[in-house]
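Residue-level structure breakdown
The lines below spell out each chain.
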There are 2 protein chains.
Amino acid sequence: MAQKPSIPKGTRDFSTQEMARRNYIFDTIREVFRLYGFNPIETPSMENLSTLMGKYGEEGDKLLFKILNSGDYLAKANGEHLDARDSVKLTSSISEKGLRYDLTVPFARYVVQHRGELQMPFKRYQIQPVWRADRPQRGRYREFYQCDADVVGSTSLINEIELIKLIDDVFTRLRVPVTIKLNNRKVLAGIAEVIGAPDKMMDITVAIDKIDKIGLEKVNEELLERGLSRTGVEKLTPILKIDGPIIERLDQLGGILAESEIGTLGVKELREVIAGVERLGLNAELELDVSLARGLNYYTGTIIEVKARGVEMGSITGGGRYDNLTGVFGMPGLSGVGISFGADRIYDVLNTLNLYPEDTLQSTRVMLANLGDEEASLSMQLLKTARAEGVAAEIYPDQTKLQKQMKWANERNIPFVAIVGEQELADGTITIKDMATGRQETVPQAEFLSHLK
Amino acid sequence: MAQKPSIPKGTRDFSTQEMARRNYIFDTIREVFRLYGFNPIETPSMENLSTLMGKYGEEGDKLLFKILNSGDYLAKANGEHLDARDSVKLTSSISEKGLRYDLTVPFARYVVQHRGELQMPFKRYQIQPVWRADRPQRGRYREFYQCDADVVGSTSLINEIELIKLIDDVFTRLRVPVTIKLNNRKVLAGIAEVIGAPDKMMDITVAIDKIDKIGLEKVNEELLERGLSRTGVEKLTPILKIDGPIIERLDQLGGILAESEIGTLGVKELREVIAGVERLGLNAELELDVSLARGLNYYTGTIIEVKARGVEMGSITGGGRYDNLTGVFGMPGLSGVGISFGADRIYDVLNTLNLYPEDTLQSTRVMLANLGDEEASLSMQLLKTARAEGVAAEIYPDQTKLQKQMKWANERNIPFVAIVGEQELADGTITIKDMATGRQETVPQAEFLSHLK
């Protein structure tokens, strides 16, 4: 019985043209990763749930795609949870594996598992899909690609400088104007200290992270709700209003945080990183944003976020320094810093701004028409020559009207059609039609390739 | 609490060196696909189970990885099946999606779903992982890559000729000596006819498919068990013993099948395909193998299988003609032909024969040492120049002993180390060490790049 086919919501098919555009983005990112000395690794799509669970918060656990155990999975299911119809509790007894949710936790797992083979500092990049059972909406998919680069085993701020410069190189090549926002977790800790609420850093951060969306007044309301004192809120306001060029902002922030040891260290780190990238020069606009937190769960130093200028779109790249990512897998004290390009959002940005180079859709250079057995047989010899020279070439497989064959070539954006008919077969010639200009010329078969310019 | 990390059985991490080797294989296949006019598409990792179930036989249904529905999946579960602890029946009410099992069924689904946008004949390639809950063993993984090329919407045998030549090109480039085995489903139907058991084609095929593994005698036993008459078995034996060069085999087969219309058609198709590829010339050995069936579920014409010569390994590539792949999705009568490269087995073959070009592990060209703040700052400017010229370059991030930095470069196969120390900083020079020869020279910084040959 025929079914009307469809795909799961939040997932996508990519056609040839979409693939060409996506590959342009992936190839650009991959090439810059390579230039910066990052080497590729890949991890399995599935990880043990014990690796994934508890790493992304309670909400994250719910968003993991879980794989049903194979075979008679109910045989080992917990009967009590089954009878109680308790989905949450039952899961662990009928599912042992899940699809990876990001590339960071699998990377941490990889580092610990392969610690004996890795040269520290270890630099790797990883370009693979991740899966999240999020509610699909514009720009949010259930299967999407991340492109991560990380250095672990080095505390040097040179890594931060390199990664920011790398981000700048990628978006320069992609011709996307971006703002790179910076912050430092230690600055956030310092702020909490100087406003007299060192134990409320998390609450403060969660609240001020929303300032772009809901405004200062609503943020202050939330801070009061979260138990911050009115004095604390009043002390915080000037910090959130810091303004001017980046160096001035740093100076102001340094003054405000002078009393806090950790805050002062955060400002010093930011200063060093910013000086480093400015010495190298950036095309991107650099911004200090003390409200930037990016979840904060695991960042301990520099925090990085990139936004496209002139396009309404969330963060298209983000990252930061983490000091204990591998601790949960039994390898404490390993510091690292990494960034993650959101390929699908970058794809949406490039589509919106129409930033693809004209030759992105690289297709077949020449189609040979198929006008008869003998003609096709000779054409296939010419195909062989073309391919040996690296020229993508194909023959129309069926013997149909030439017009239909031409239409097919045209619809596929093939720039040249070459015809060996009865006459050409007898003469040793070939007729080449330039599909853009309509010009046609008949040349010796031996000169075939040189006429495809 | 620290956990000892591991990955699910049958899955693999790929380190940098493994990635380099695998990318060499994928890039080779992709480039040949491109030269033959195939364009890429991608489909989601997850498909609706309604798309996948029933397409791979009962055994295949069991080997599908099924994804647990999100949220309170037990709320919609069938209570009867739950109480009866019936895993098989319960599945459909707690799981709607599965991971793709191959690239063929998703491709058929894609063609039907996008029929309005596609130019027929439609040629596509697809390189993506697939998942099977098979029992893991040597050379069999639960996550592995397939590399498929298909043409649909054309019945021309030129497609078969092109695909066989394409296979030959791929393995020529990879330097793997192969045998390409050919058969035709119509020949199998013809054989069943002439031995007087036209209704037993399936049984005959399943049995003779095993001839390489269990030998003629055991095959005959199985045929008798499957209800074939003794006369039938006797008539079959000379067919299975057909011998000699490929054209002679074709002649013998043509004689034996002369009485069967479908068998004769099968021989004619084989003749045309073989003549076509021999005109173009192959490096591969071509073989006619009447016992070749490859599952047979959906092949209707040519059947292709590739084995590496001199390596104990199953089929490394396979394919064939199918006439009704899209019928199940409501689009009958669309003929196609395709091949699938088994990238993971090809990887195992290349590893066994050690066939990788020396420069496969393309890594960083030069590491700059890090000997102090000012030295590093200047080195980072040199890095910038190198990268702008397309030269992969990196700096050792930490200021540690030069010896340690050198060791790191060496372990990562970086061919050059460049050093800016106090002296070089003062002189405007840089010292470059060739890690292979140990030779060292000090040159002006402006000439840095030209010394990395």
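Think of each chain on its own: its residues are numbered from 1, step by step along the sequence as written. Key to labels: chains lettered from A, ligands numbered from 1, both in the order written. A pLDDT threshold of at least 70 governs which residues receive local features in this predicted model, and a stricter bar of 80 or more applies before side-chain atom pairs are shown or counted, although totals over entire chains, interfaces and linings include all residues. Processing note: side-chain calculations cover all non-hydrogen atoms of the structure and skip hydrogens and water entirely.

1. Quick notes on the environment of Ile127 of chain B
Residue and element names in this part refer to chain B. Note on conventions: DSSP H or I runs of at least 4 residues are helices, E runs of at least 2 residues are strands, and numbering of each starts at the N terminus. Relative to the elements of secondary structure, Ile127 occurs in strand E5 (residues 122–131). Burial here depends on accessible area, computed with a 1.4 Å probe over protein chains only, as a share of the maximum for the residue type. Under 20% is buried, over 50% is exposed, and the range in between is partly exposed. The class for Ile127 is buried, based on a relative accessible area of 12%. Taking the C-alpha atoms as reference points, Ile127 and Tyr101, separated by 26 residues in sequence, lie 13 Å from one another. The contact rule is simple, with two residues in contact once any of their heavy atoms fall within 4.5 Å. If near-sequence neighbours (up to four positions away) are discounted, Ile127 is found in contact with Phe26, Arg30, Phe33, Tyr145, Gln146 and Cys147.

2. A short note on the environment of Ala84 of chain A
Within the secondary structure layout, Ala84 of chain A lies in the loop between helix H4 (79–83) and helix H5 (87–94). On the accessibility criterion, Ala84 of chain A (55% relative accessible area) is exposed.

3. Looking at H5 of chain A
Taken as a whole, H5 of chain A has its buried residues at Ser87, Leu90, Thr91, Ser93 and Ile94 of chain A. Where H5 of chain A is buried, its residues meet strand E3 (66–68), H4 and strand E4 (95–99) of chain A together with strand E3 (66–68) and helix H5 (87–94) of chain B. Pairs of N or O atoms within 3.5 Å make up the polar contacts considered here, provided that, within protein, one atom can donate a hydrogen while the other can accept it, and that residues adjacent in sequence are counted only when both atoms are side-chain atoms. The N-terminus of H5 of chain A is capped by Asp86 of chain A, whose side-chain oxygen sits 3.3 Å from the backbone nitrogen of Val88 of chain A.

4. Focus: the pairing of E5 of chain B
All names here are of chain B. Judged by how many residues are buried, E5 sits mostly within the fold: 10 of 10 residues are covered. In this structure, strand E1 (residues 39–40) lies alongside E5, joined through two bridges in parallel fashion. Bridge pairing links Pro40 to Tyr125 in E5. Strand pairing is assigned whenever DSSP detects at least two bridges linking the two strands.

5. Describing the confidence of the model for chain A
pLDDT gives the predictor's per-residue confidence on a scale running from 0 to 100. Averaged over every residue, the pLDDT of chain A is 93; residues scoring 70 or more account for 98%. Confidence metrics for the complex model read pTM 0.93 and ipTM 0.93.

6. Considering the relation of the copies chain A and chain B
Turning chain A through 180° and shifting it by 0.0 Å along the axis lays it on chain B, with an RMSD of 0.1 Å. Classification of the inter-copy transformation places it as that of a two-fold axis. By C-alpha distance to the rotation axis, the residue of chain A lying nearest is Ile67 of chain A, at 2.2 Å. Both copies share a contact surface, since 100% of the interface residues of chain A are interface residues in chain B too. To superpose the copies, least squares is applied to the C-alpha atoms of every residue with a pLDDT of at least 70 in both.

7. A short note on helix H6 (residues 104–113) of chain B
For an α-helix, the turn length of 3.6 residues means that residues three or four places apart are oriented alike. Residues and elements named next belong to chain B. Counting buried positions over the 10 residues of H6 gives nine, a clear majority of the element. Thr104, Val105, Pro106, Phe107, Ala108, Arg109, Tyr110, Val111 and Val112 are the residues of H6 that are buried. Buried-residue contacts for H6 involve strand E2 (46–48), helix H2 (49–52), E5, strand E6 (143–152) and strand E10 (317–322).

8. Focus on unusual backbone geometry
Excluding glycine, residues mostly carry a negative phi; peptide bonds, for their part, are mostly trans. All names here are of chain A. At the junction of Met120 and Pro121, the peptide bond is cis and its omega measures out at -5° in the coordinates. Tracing the backbone shows Pro121 in the loop between helix H6 (104–113) and strand E5 (122–131). Positive phi, normally seen in glycine, also occurs at Asn413, with a value near 60°. Of the residues examined, Asn413 reaches a relative accessible area of 48% and is grouped as partly exposed.

9. Focus on the sheet that holds strand E13 (residues 393–395) of chain A
Residue and element names in this part refer to chain A. Taking strand neighbours across the sheet as the criterion, the five strands line up as E13-E12-E14-E15-E16 in an open arrangement whose pairing is mixed. Every other strand in the sheet has two partners, leaving E13 and strand E16 (440–444) as the edge strands with one partner each. On average, each strand axis in the sheet is tilted by 25° relative to the strand beside it, whichever way the strands run. In this structure, strand E15 (residues 429–434) lies alongside E16, joined through five bridges in antiparallel fashion. Bridging across to E16, Thr431 finds its partner in Thr442. What counts as an axis is a line fitted to C-alpha atoms, over the stretch in contact for a helix, and the angles between N-to-C directions run from 0 to 180 degrees. Contacting strand E12 (366–368), E13 and E15, helix H15 (residues 373–388) crosses the sheet at an angle of about 165° to E13.

10. Structural notes on the pattern of salt bridges
Salt bridges are defined by distance alone: a side-chain nitrogen of Lys or Arg within 4 Å of a carboxyl oxygen of Asp or Glu. Under the defined criterion, the tally for this structure stands at 50 salt bridges over all chains. Residues Asp243 of chain A and Arg249 of chain A are paired through a salt bridge, measuring 3.7 Å at the closest nitrogen-oxygen approach. A relative accessible area of 16% places Arg249 of chain A in the buried class. Salt-bridge contacts for Arg140 of chain B lead to Asp134 of chain B; the nearest nitrogen and oxygen are separated by 3.8 Å. For Arg140 of chain B, a relative accessible area of 32% puts it in the partly exposed group. According to the relative accessible area criterion, Asp134 of chain B is buried, its value standing at 19%. In this structure, a network of salt bridges that share partners links the residues Asp203, Lys210, Glu222 and Arg226 of chain A.

11. Considering the interface of chain A and chain B
One frequent convention defines the size of an interface as the accessible area lost when the parts assemble. Taken together, the contact between chain A and chain B spans 106 residues of the former and 106 residues of the latter. Taken together, the two surfaces of chain A and chain B that pack against each other cover about 9100 Å², and 53% of this comes from carbon and sulfur. At the boundary of chain A with chain B, the tally comes to eight salt bridges. Between Lys123 of chain B and Glu394 of chain A there is a salt bridge whose closest N-O contact spans 2.7 Å. Counting across the chain A and chain B interface gives 48 residue pairs in polar contact (both at pLDDT 80 or more). Note on terms: buried area is the combined drop in 1.4 Å-probe accessible area of two parts once they are placed together, counting the loss on both.

12. Some thoughts on the side chain of Asp289 of chain B
Residue and element names in this part refer to chain B. Checked against the element boundaries, Asp289 lands in the loop between strand E8 (285–288) and strand E9 (299–308). Overall, Asp289 belongs to the buried group, its relative accessible area being 11%. Within polar-contact distance, the side chain of Asp289 engages the side chain of Ser291 at 2.7 Å. The contact partners of Asp289, leaving out residues within four places of it in the chain, are Lys181, Leu182 and Asn183.

13. Observations regarding the sheet that holds strand E14 (residues 416–419) of chain B
Residue and element names in this part refer to chain B. Taken together, the five strands give an open sheet; going across it, the order is E13-E12-E14-E15-E16, and neighbouring strands pair in mixed fashion. What marks the edges here is a single partner per strand, and that holds for strand E13 (393–395) and strand E16 (440–444). If you compare each strand with its neighbour and ignore which way they point, the axes differ by 25° on average. As paired strands, strand E12 (residues 366–368) and E14 are joined by three bridges and run parallel to one another. Among the inter-strand pairings, Leu368 is bridged to a residue of E14, identified as Ala418. Against the sheet, helix H15 (residues 373–388) engages E12, E13 and strand E15 (429–434), with an angle of about 165° to E13.

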